[in-house]
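Observations on the three-dimensional arrangement
The residues making up each chain are set out below.
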Amino acid sequence: MEDLEVDEMILNMGPQHPSTHGVLRIELRTDGEVVRAARPHIGYLHRCFEKHAESVDYPGVVPYTDRMDYVASMGNSLGYSLAVEKLMGITVSPYVSTIRVIMAELQRIASHSISVGTYGMDIGAFTPFLHLLRDREKILDLFEWTCGARLLYNYNWIGGVSHDLPDGFVKACRAFLREFERLTYPELVELLIKNKIFIKRTCSVGVCPVDLAISYDLTGPNLRGSGLARDLRRDEPYLGYEKYEFDVCVGKGDYGPLGSCFDRNMVRTLEMAESAKIIHQALDALEKMEKADVHEKVPKRVKPSKGEVYVRSEAPRGQLGYYVVADGTGINPYRVKVKSPCFTAMSVFHVLAKGMMIADIIALIGSLDVVLGEIDR
Amino acid sequence: MDFTYSLLGALLGGLPPWARIAVAAAVPAVVLITFMAVGPIVYVYAERKFSAFMQDRLGPMRVGPYGLLQTIADAIKLLFKEAIFPGQADKVLFTLAPCLVVLGAFLSFVVVPFGSHLQTVDLNVGVFYVVAVSSISTVGLIMAGWASNNKYALFGAMRSAAQIVSYEIPAVMSLLTIVMIVGSLSLQDIVRAQAGGLQHWFIFRYFPLMPIVFLVFFTASLAECNRTPFDIPEAESELVAGFHTEYSGFFFAMFFMAEYTEMFIVSAVASVLFFGGWMSPFPWAWTQGIGPIGFGPFWLIFKSWSFIFVHMWLRWTLPRLRVDQLMYVAWKVLLPIALVLVVVFGALVIYVPGGFAWDQWLSWPLTALVLGSLVFFMVTAFRYRLRRAQELAA
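A short tour of the structure in this document, coming up. Just so we're clear, the structure is a prediction, and the values are computed from it rather than from any experiment. Within each chain, residues carry numbers counting from 1 in the order of the written sequence. Chains carry letters and ligands carry numbers; both start at the beginning, A for chains and 1 for ligands, and go up in the order they are written. A pLDDT threshold of at least 70 governs which residues receive local features in this predicted model, and a stricter bar of 80 or more applies before side-chain atom pairs are shown or counted, although totals over entire chains, interfaces and linings include all residues. Note that water and hydrogens are dropped before the side-chain values are worked out from all heavy atoms of the structure.

What follows covers the state of the cysteines. The definition used for a disulfide is geometric: two cysteine sulfur atoms within 2.5 Å. Within the structure shown, the criterion is met by zero disulfides over all chains. Left unpaired, A:Cys208 is separated from the closest cysteine sulfur, that of A:Cys261, by 9.8 Å.

What follows is the structure in structure tokens.
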């Protein structure tokens with residue numbers, strides 16, 4: 001038996017693979033079912049966002065930001081608008097901020113629905129995915145009603161939003177939340193999260209201790225899954241998030257070591273409920289406010305004076321940072337650099353993937369919740 | 001067999017003996033092949049509708065009323081599709097593999113008793129025959145994985161081999177207990193030993209023990225036909241499509257057909273061994289047949305389809321196990337239980353022949369309880385769905 005040659009096999013997973021969540025290619029060195037090393041190859045969806053941003057004017061960048069994290073477009077344009085507003089010294093009215101909060105949190109629910117749903121599908125449970133997609137559809141209906149688009153909204157403009165909320169939005173939104181909180185959410189927890197097989201598959205897989213998470217700059221649910229309560233909405237409030245009451249969900253290591261795939265997924269699940277809480281409060285606040293012109297602060301000509309700014313916000317996938325440089329001469333940004341949460345999440349992948357089974361690789365990618373549009377930009 | 005012979009004897013009395021035997025062999029073959037080819041059309045439609053119900057959507061609706069013709073259209077499409085051979089594939093093995101898989105699924109039909117005489121051959125080693133023949137499919141799967149020259153297919157084939165080798169053992173062990181009680185390997189003898197209504201079925205014999213045997217067998221049989229939660233050989237989120245990644249057109253349809261036929265076979269074996277096969281659950285003679293018309297096929301197919309429904313139910317509810325967890329379940333959970341049960345049943349058959357005293361009294365209330373709760377949950381689900389539809393309409 002000693003002279004039996006054991007060879008490692010290279011397995012290319014992706015870019016066309018049902019569960020690499022887009023066009024991600026992972027080069028796996030496998031020994032049977034065990035993965036000895038995993039190297040992610042990114043860049044299949046590179047669309048030169050940052051170069052494009054230098055050749056269009058400031059408001060023209062907003063549609064490009066939508067196309068980065070196409071699962072959560074609202075969060076992207078929000079971050080960019082906040083950055084340029086800070087650069088120009090614009091403060092939007094509380095009415096606009098409240099609308100932005102509602103939209104951002106609805107988008108968070110929609111994005112986490114996709115994430116948790118496809119995660120269930122990666123593990124093999126198909127049904128929760130369709131239940132969640134059904135409810136995401138209703139959020140998209142609300143978005144379509146408001147701004148006419150279902151995926152790429154171009155909604156958060158510099159200094160305002162593109163459309164005011166339509167009449168009856170508050171009522172429709174409450175109806176959706178009621179259904180989501182009472183029916184879909186408990187059903188999801190019963191069907192997927194509490195499922196014994198699901199727990200067994202995820203509870204001790206892809207464990208990312210908190211020091212590793214910090215050293216690889218994980219943010220958002222991935223970091224909170226490792227047990228660190230860091231949330232920009234609470235720590236560095238923007239858009240008046242300090243007015244809303246919500247919990248920052250962290251992984252607790254219920255069924256295994258802290259920071260496992262289960263914890264990351266659990267954080268997302270819990271965050272959906274927290275977002276619903278925030279939306280309820282924001283809708284209450286909105287009802288008490290007087291309608292205002294959402295274009296009031298939108299500048300006719302966006303031409304910031306020389307300067308640079310770095311603004312970060314809590315997108316559904318983590319801290320999304322925009323570094324915008326203005327040279328004060330043209331109407332185009334001199335430079336727009338994005339710090340993408342998915343890119344940093346992907347960087348820890350090869351560390352966590354070492355020594356896993358092939359099936360766990362799928363579980364790991366799903367739990368990091370990467371969107372390739374944002375990694376490659 | 002007697003039935004077929006006497007019927008054919010009357011019709012074809014003038015033929016020489018060799019021709020009679022040829023016809024007698026051809027008739028069941030044609031009937032069973034038709035059953036095997038048409039069955040999956042029903043199962044696939046049912047599966048799509050069940051899953052649609054569970055996932056709050058409609059399922060096929062466009063082709064024919066309620067989409068009834070959808071699977072027929074799919075089957076026709078698959079028949080006319082080009083079969084693509086990968087450039088580096090081993091063409092002989094690549095073609096042979098789906099044939100072997102279908103063969104393995106089909107050969108088991110030979111001993112399935114659809115009625116007292118509606119059985120192609122009543123082999124005296126029936127149980128072992130089924131176990132042995134259904135393993136032929138595994139050879140086909142490995143062949144398919146190897147010949148495709150695709151790494152995912154190879155992974156699927158290896159997983160499938162490991163899985164079937166592991167799960168065959170607890171399945172056979174659990175079958176042994178029944179064989180010990182009956183003292184015969186013939187499926188017909190096993191059915192006849194359960195005659196006289198529901199309280200005589202083996203699932204209610206030695207009450208708390210036999211359901212455990214059944215669960216062991218059912219779990220193992222799920223794994224043998226690669227259904228969720230044991231569908232790792234084709235795990236679509238990991239291995240794309242596993243061993244049949246490279247197959248298209250009719251060859252793919254053959255794999256598909258074999259999978260669903262295998263589902264029917266394990267369900268039929270489960271109903272023969274534990275649920276009285278073609279026997280009616282009621283003690284009245286007319287439920288078993290009126291005059292020359294026997295209801296045996298109806299009862300067997302009804303019972304088997306109920307199990308197929310459970311297979312589908314599990315598939316759309318449960319996530320998938322990992323390879324090592326799958327092996328853990330087989331070797332560290334099912335096998336010890338099955339081994340202990342074989343020993344216990346060995347003793348029971350000698351010292352308490354005929355079952356425990358309470359078996360007779362438990363059978364009907366238990367059945368009522370299980371069916372009642374099933375109906376209750378179904379009605380709840382339907383009412384929930386109706387209410388939801390009304391809410392959406394409002």
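Each partner contributes to the interface: chain A provides 40 residues, whereas chain B provides 26 residues. Buried area, as used here, totals the accessible surface that two parts lose on assembly, with accessibility defined by a 1.4 Å probe and the loss added over both. Each partner contributes to the roughly 2,900 Å² buried at the junction of chain A and chain B, and carbon and sulfur atoms together form 58% of this total. The largest per-residue losses of area from chain A upon contact with chain B belong to A:Glu33, A:Thr127 and A:Ile197, which jointly make up 17% of the total buried on that side. By salt bridge we mean one thing: a side-chain nitrogen of Lys or Arg within 4 Å of a carboxyl oxygen of Asp or Glu. Linking chain A to chain B there are three salt bridges. Ionic pairing is found between A:Asp360 and B:Arg322, a salt bridge with its closest N-O pair at 3.0 Å. Under this definition, polar contacts are N or O atom pairs within 3.5 Å; protein pairs additionally need one hydrogen-donor-capable and one acceptor-capable atom, and for neighbouring residues in sequence, both atoms have to be side-chain atoms. Counting every contact that joins chain A to chain B gives 12 residue pairs in polar contact (both at pLDDT 80 or more). Only DSSP runs of H or I with at least four residues qualify as helices, and only runs of E with at least two residues qualify as strands; both kinds are numbered from the N terminus onward. Elements represented by at least two residues in the side of chain A that touches chain B include exactly β1 (9-13), α4 (94-123), α5 (127-147), α6 (169-193), α7 (196-202) and α14 (358-368) of chain A. Per element, the largest residue contribution to the side of chain A that touches chain B is six residues, and it comes from α5(A). Residues are treated as being in contact if the distance between any of their heavy atoms lies within 4.5 Å.

All names here are of chain A. Of all hydrophobic cores here, the largest spans 120 residues; its most connected members are Tyr80, Leu106, Phe349 and Ile361. Per-element tally for this core: the top contributor is α4, with 14 residues. Setting aside chain neighbours within four positions, we find Ile361 in contact with Met13, Ile26, Leu28, Val35, Phe349, Ala353 and Met356. The nonpolar core is taken to be a set of buried Ala, Val, Leu, Ile, Met, Phe, Trp, Tyr and Cys residues, with the residues joined through side-chain atoms within 4.5 Å. Think of it in three bands: with a 1.4 Å probe and only protein chains considered, a residue is buried below 20% of the maximum accessible area for its type, exposed above 50%, and partly exposed in between.

Let us look at the environment of B:Ile190. Residues and elements named next belong to chain B. Here Ile190 lies in helix α8 (residues 187-192). C-alpha of Ile190 to C-alpha of Phe274: the two residues are 84 residues apart in sequence and 9.2 Å apart in space. When near neighbours in sequence (up to four residues on either side) are disregarded, Ile190 contacts Val127, Ile178, Val182, Ser184, Phe202, Val272 and Leu273.

Next up on the list: the environment of B:Ile232. Residues and elements named next belong to chain B. Along the chain, the position of Ile232 falls in the loop between α9 (209-224) and α10 (236-239). Considering only alpha carbons, one finds Ile232 and Ile190, 42 residues apart in sequence, at a separation of 33 Å. In contact with Ile232, other than residues within four places in its own chain, are Arg159, Gln163, Leu239, Arg320, Leu321, Val323 and Leu326.

We describe a pair of aromatic rings using the distance from one ring centre to the other and the angle between the two ring planes. Pairing of aromatic rings covers Phe, Tyr and Trp, the last through its six-membered ring, and needs centres within 6.5 Å; plane angles under 30 degrees mean stacked, over 60 mean edge-to-face, and all others mean tilted. Counted under the stated rule, the structure contains 46 aromatic pairs over all chains. Ring geometry for B:Phe252 and B:Phe256: centres 5.5 Å apart, planes at 35°, overall tilted. Residue B:Phe252 and its partner B:Phe256 are located together in helix α11 (residues 249-274), separated by four residues, close to a single helical turn. Put simply, the rings of B:Phe35, B:Tyr43, B:Phe106, B:Phe109, B:Phe114, B:Phe252, B:Phe256, B:Tyr260, B:Phe264 and B:Trp305 touch in pairs and so form one group of aromatic residues. Comment: the charge-over-ring label is applied if NZ (Lys) or CZ (Arg) is within 6 Å of the ring centre and within 35 degrees of the ring normal. Of note, A:Arg233 hangs over the ring of A:Tyr241, and the distance from its end group to the ring centre comes to 6.0 Å.

Strand order in this open sheet of three strands is β1-β2-β3 (chain A), and the pairing throughout is antiparallel. At either end of the open sheet lies a strand with only one pairing partner, and these are β1 and β3 (34-41) of chain A. For this sheet, the mean angle separating the axes of adjacent strands, direction not counted, is 20°. The sheet contact formed by β1(A) and strand β2 (residues 25-31) of chain A spans five bridges and is antiparallel. Following the sheet pairing, A:Met13 is matched in β2(A) by A:Ile26. On top of the sheet, helix α7 (residues 151-182) of chain B reaches β1 and β2 of chain A; it is set at about 110° to β1(A), its chief contact. Any two strands between which DSSP finds at least two bridges are classified as paired. To obtain an axis, a line is fitted to C-alpha atoms, over the contacting stretch when the element is a helix, and the angle between two such axes runs from 0 to 180 degrees between their N-to-C directions.

Residue and element names in this part refer to chain B. Patch definition: residues with relative accessible area over 30% and no salt bridge; like charges joined within 9 Å; nonpolar side chains (Val, Leu, Ile, Met, Phe, Trp, Tyr) joined within 5 Å. The accessible surface values rely on the Shrake-Rupley method and a 1.4 Å probe; as for residues, cover is taken only from the protein chains in view. Taken together, the side chains of Leu58, Met61, Tyr66, Leu68, Leu69, Ile72, Ile76, Leu79, Phe80 and Phe250 define a hydrophobic patch exposed on the protein surface, amounting to about 1,000 Å² of accessible area. No other element matches the four residues that helix α3 (residues 70-80) contributes to the nonpolar patch. Within the element layout of this structure, Tyr66 appears in the loop between α2 (17-54) and α3.

Quick look at the packing of helix α5 (residues 126-134) of chain B against helix α6 (residues 136-147) of chain B now. Residues and elements named next belong to chain B. In the contact formed by α5 and α6, the axes pass within 4 Å of each other and the chain directions differ by 5°. The pairing of α5 with α6 is recorded here as roughly parallel in orientation. Residues Ala132, Val133 and Ser134 of α5 form the contact with α6, whose participating residues are Ile136, Ser137 and Thr138. Three residue categories are used. Nonpolar comprises Ala, Val, Leu, Ile, Met, Phe, Trp, Tyr, Cys and Pro, charged comprises Asp, Glu, Lys and Arg, and polar comprises the others, including Gly. Split by residue class, the contact of α5 with α6 holds three nonpolar, three polar and no charged. Oblique is the label for any angle not under 35 degrees, not over 145, and not in the 65 to 115 range, which are roughly parallel, roughly antiparallel and roughly perpendicular in turn.

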